[in-house]
Amino acid sequence: MKNYLLYIVGCALLIAACSKDKGNYDYINIPDPSLKGLDTAYFATVGDSLIITPEVQLKSGKNDYSCFWKIEVPEKAMSLDYEGQSLRIVFGLGANHYNALLKLQDNNTGQAYFFKFVIKGQTQFTRGALVLSNDGNKTILTFIKPDGTVQPDIYNAINKEVLPGGGMQLVPIRNQFYTNQLNNYWITYSGGTTGAVQLDANTLQRTKYLADNFYTAPSVLKVNSFLNMINGVTTGIINGKMYIGATETAPFWPYYAFWGVPVDGSYNLHPNVLHNLYERPNDGYFFGFENTKKQFIRFSTNTFFDTTYTVLGNTSFDPKNLKMDLVYMNRFTDNEFYAMFDSVGKKIELKFGLDFSAGKSTFTPSYKRVFPGANLLMADTKWAISPIGVFFFTSNDKIYRYNPVNDEVKALDATFGGKKVTMIKVINSNQLVAGVEGSIYYLDISVGHNGENPQQVSNIPGLPVDVLIREN
């Protein structure tokens, strides 16, 4: 009974207190502050000042406010934080995209407002073209600025080092799953003993030699070819063996993308290796040609499966016993592989399809025939493919387009002053870059065009062998 009494008294006191509360509960909606002079994106050059001074007008009373700035730096797993009504810094980050945040605090009310923007870091090498060429017994790297200014032998100028001759490839390194920024390049070459060097993509300073990317480097390093992978590692065909970059650590860890031992197995790989890991990064395949046994072989992402596949369809050729030397091969889809072979002087074209998905392992030949442009092929013919399903190949001072659907072989209109074409590279379905001694040319290969009126860039030392176009 006593407990009930206490409960009743307590409720009465609470009701009395509420009845005496005369507080004003009409809330006033304060409009957001007016903010001018803050863009959604800023370009910042490394080493230059970055100054952002927004104009703020509060609607709550006197213009008393504070600004807090945050720049996220994912490659270092940290942020840079600043305080002040202006952001005034010397930009010292890399040529990446950085998400940033302005926190605007109204000191009259304590209310905070948040504004997002992006800082796009860049260096003098963020936009332009890099050309790799051979000049006698030297490998030369040249940079072409967006305005067409040529900086020949830029590697030597920056690193005070002459690269051995036999330049082969410029290979970009970009991890599309982590920051998706272009961080480094490999330069590969056949001369000397070092095999390759890696450069910082934003400064062109050497970051390592080939041997430095191994846990324990082989005593002999002969680079056959490099493949840039979607996860920021490089697959190396070195000494005829396949090396897969390590992914066991975080992408920013020093040993990420290092090589250990090659994929185990008895094989001698041709440099021309294909894969579908951009489409299927977790369960794709590598596909290659065994130089000694003259057969097509396959790998998973880290295992050698040799010729353990089933041949279906017609018997126009035996992929496990080809008895020919591979010249070039490429793929448009898993159903459209093409390979060009030399068979005791005859130029042979093969078409076939693969299905190595979901536990399957089938190889389906389509045809074997003499290549329609066989009479044009030379020992040093260069090849490239376009995303629209056509090939380009060189023959002395000419470039030809080959359409395997209708067998058309057609010369492009571009002429190069009688100089032999030493490089072709398709940049996209609209543009091809060709190289001859001393120059590169930009060719229009879009629908309705046939490479006419090429744009020439001169003062390239030696014979171009590779090119990379960088737009950001």
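This part is about the packing of aromatic side chains. Scanning the model with the defined rule gives 45 aromatic pairs in all. Judged by centre distance (6.2 Å) and plane angle (65 degrees), the rings of Phe91 and Tyr98 are edge-to-face. The pair Phe91 / Tyr98 is uniform in exposure class, with both members buried. Their ring planes at 35 degrees and their centres at 5.3 Å tell us that Trp383 and Phe393 sit as a pair that is tilted. Here Trp383 is found in strand 30 (residues 383–385), whereas its partner Phe393 is found in strand 31 (residues 391–395), with 10 residues between them in sequence. A relative accessible area of 0% means that Phe393 is categorised as buried. A network of ring pairs unites the aromatic residues Tyr285, Phe287, Phe289, Phe296, Tyr309, Phe317, Phe337, Phe341, Phe352, Phe356 and Phe363 as a single cluster. Over the ring of Phe68 we find Lys103, and its NZ or CZ is 5.4 Å from the ring centre. Positioned above the aromatic ring of Tyr309 is the side chain of Lys320, whose terminal nitrogen or guanidinium carbon lies 5.0 Å from the ring centre.

The four strands lie next to each other as 14-15-16-17, forming an open sheet whose pairing is antiparallel. Bordering the open sheet on either side are strand 14 (167–174) and strand 17 (206–209), each of which pairs with just one other strand. When strand polarity is set aside, the average angle formed by the axes of neighbouring strands in this sheet is 20 degrees.

Looking at where Thr394 falls in the secondary structure, it is placed in strand 31. Under the relative-accessibility criterion, Thr394 is labelled buried at 2%. One polar contact links the side chain of Thr394 to the main-chain amide nitrogen of Lys382, over a distance of 2.9 Å. Not counting chain neighbours up to four residues away, the residues in contact with Thr394 comprise Leu376, Asp380, Thr381, Lys382, Ile399, Val421 and Ile424.

Right, let's talk about the nonpolar core for a bit. Grouped together as the largest cluster of nonpolar side chains are 23 residues, with contacts concentrated most on Leu50, Ile52, Trp69, Phe117 and Ile119. Counting only elements with at least two residues in this core, the list comes to strand 2 (41–45), strand 3 (49–52), strand 5 (65–73), strand 7 (87–90), strand 8 (97–106) and strand 9 (112–122). It is strand 5 that contributes the most residues to this core, five residues altogether. In this structure Ile52 touches Gly37, Leu38, Tyr42, Trp69, Ser86, Leu87 and Phe117, once residues within four positions along its chain are discounted. Judged by nonpolar contacts, the second largest core, of 20 residues, contains Tyr285, Phe287, Phe317 and Leu326.

Locating Asn472 in the fold gives a position in the segment after strand 38 (463–470). For the pair Asn472 and Gln181, spaced 291 residues apart in sequence, the C-alpha separation works out to 9.0 Å. Leave out the neighbours within four places in its chain, and Asn472 touches Thr126 and Arg127.

Opposite charge on two side chains makes pairing possible when the charged atoms of those side chains draw close. Tallied over the entire structure, the rule returns 12 salt bridges. In this structure, Lys420 engages Asp380 in a salt bridge whose closest nitrogen and oxygen atoms are separated by 3.0 Å. Taken together, the positions of Lys420 in the loop between strand 33 (408–411) and strand 34 (421–428) and Asp380 in the loop between strand 29 (362–370) and strand 30 put the pair 40 residues apart, joining distant regions of the chain. According to the relative accessible area criterion, Lys420 is partly exposed, its value standing at 34%. Residue classification places Asp380 among the partly exposed residues on the basis of a relative accessible area of 32%. When salt bridges that share partners are traced, they join Glu279, Arg331 and Asp334 into one network.

Taken together, four strands build an open sheet; the order of strands is 34-35-36-37 and the sheet is antiparallel. Two strands in the sheet have a free side with no partner beyond their single neighbour: strand 34 and strand 37 (455–457). The average angle at which neighbouring strand axes cross in this sheet is 20 degrees, direction not considered. One ladder, built from six bridges, connects strand 35 (residues 431–436) with strand 36 (residues 439–444); its direction is antiparallel. Residue Gln431 lies in a different strand from strand 36, and its bridge partner there is Asp444.

Reading the values: rules and limits
Residues numbered from 1 in each chain as written. Predicted model: local features only at pLDDT ≥ 70, side-chain atom pairs only at ≥ 80, totals over all residues. Heavy atoms only, no water. Phe/Tyr/Trp six-rings, centres within 6.5 Å; stacked < 30°, edge-to-face > 60°. Buried < 20%, exposed > 50% of the residue type's maximum accessible area, 1.4 Å probe, protein only. Helix = DSSP H or I, 4+ residues; strand = E, 2+ residues; numbered from the N terminus. Lys NZ or Arg CZ within 6 Å of the ring centre and 35° of its normal. Pairing = 2+ DSSP bridges. Axes fitted to C-alpha atoms, helices over the stretch in contact; angles between N-to-C directions. Polar contact = N/O pair within 3.5 Å; in protein donor to acceptor, adjacent residues only side chain to side chain. Contact = heavy atoms within 4.5 Å. Core = buried A, V, L, I, M, F, W, Y, C linked by side-chain atoms within 4.5 Å. Salt bridge = Lys/Arg side-chain N within 4 Å of Asp/Glu carboxyl O.

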